[in-house]
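# Report on the structure
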Amino acid sequence: MSLTLQDIDRIANLARLELKPEESGRMLTQINGFFGIVEAMQAVDTSGVQPLAHPVAAIQDIALRLREDVVSETNNREANQRSAPAVERGLFLVPKVIE
């Protein structure tokens, strides 16, 4: 896939950008270069390759440092809601803004 200068002009218009002709040409080269890289990556046969959990796992064994999933703070809901103008059953009540 490659873009044309007309495509760049349309994209710039949609993004509300004012590009000079030399900037449009530079953008065309950069974006088409990006598409070239994507096409080269898509051409690589990755069947049978297992996805990595972490990029460093390709070169060394790593152990993910996960913390225990435990509650570490006390429930302060009532104290936090004391200054609210309206609360019902532990929920903040707000005025309807969308009809």
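For the structure, check the block above.
Rules behind the numbers
- Residues numbered from 1 in each chain as written.
- Predicted model: local features only at pLDDT ≥ 70, side-chain atom pairs only at ≥ 80, totals over all residues.
- Heavy atoms only, no water.
- Helix = DSSP H or I, 4+ residues; strand = E, 2+ residues; numbered from the N terminus.
- Buried < 20%, exposed > 50% of the residue type's maximum accessible area, 1.4 Å probe, protein only.
- Contact = heavy atoms within 4.5 Å.
- Salt bridge = Lys/Arg side-chain N within 4 Å of Asp/Glu carboxyl O.
- Axes fitted to C-alpha atoms, helices over the stretch in contact; angles between N-to-C directions.
- Parallel < 35°, antiparallel > 145°, perpendicular 65-115°, else oblique.
- Nonpolar A, V, L, I, M, F, W, Y, C, P; charged D, E, K, R; others polar.
- Phe/Tyr/Trp six-rings, centres within 6.5 Å; stacked < 30°, edge-to-face > 60°.

### Remarks on the side chain of Ser-24
- Within the secondary structure layout, Ser-24 lies in helix α2 (residues 21–42).
- In this structure Ser-24 comes out as buried when scored by relative accessible area, which is 5%.
- Excluding residues within four positions of it along the chain, Ser-24 makes contact with Leu-5, Ile-8, Asp-9 and Leu-19.

### Description of the pattern of salt bridges
- Applying the stated criterion across every chain yields a total of one salt bridge.
- Notably, a salt bridge pairs Arg-89 with Glu-88, separated by 3.9 Å at the nearest N-O pair.
- Classification of Glu-88 by relative accessible area gives partly exposed; the value is 41%.

### Quick word on the packing of helix α1 (residues 5–14) against α2
- The N-to-C vectors of α1 and α2 enclose an angle of 105°; their axes lie 9 Å apart at closest approach. Looking at the two axes, α1 sits roughly perpendicular to α2. Along its contact with α1, which presents Leu-5, Ile-8 and Asp-9, the element α2 presents Ser-24, Gly-25, Met-27, Leu-28 and Ile-31.
- Each residue belonging to the contact of α1 with α2 can be placed in one class, and the counts come to five nonpolar, two polar and one charged.

### Overview of unusual backbone geometry
- For Arg-16, which is not glycine, the phi dihedral falls at a positive 60°.
- For Arg-16, the position within the fold is in the loop between α1 and α2.
- With a phi close to 50°, Arg-89 is a non-glycine residue in the positive phi region.
- With respect to the helices, strands and loops of the structure, Arg-89 is situated in the loop between β1 (87–88) and β2 (91–92).
- Given a relative accessible area of 75%, Arg-89 falls into the exposed group.

### Examining the packing of aromatic side chains
- One pass over the structure, following the stated rule, counts one aromatic pair.
- Taking 6.0 Å as the distance between ring centres and 50° as the angle between the ring planes, the aromatic pair formed by Phe-34 and Phe-35 counts as tilted.
- A relative accessible area of 49% places Phe-34 in the partly exposed class.

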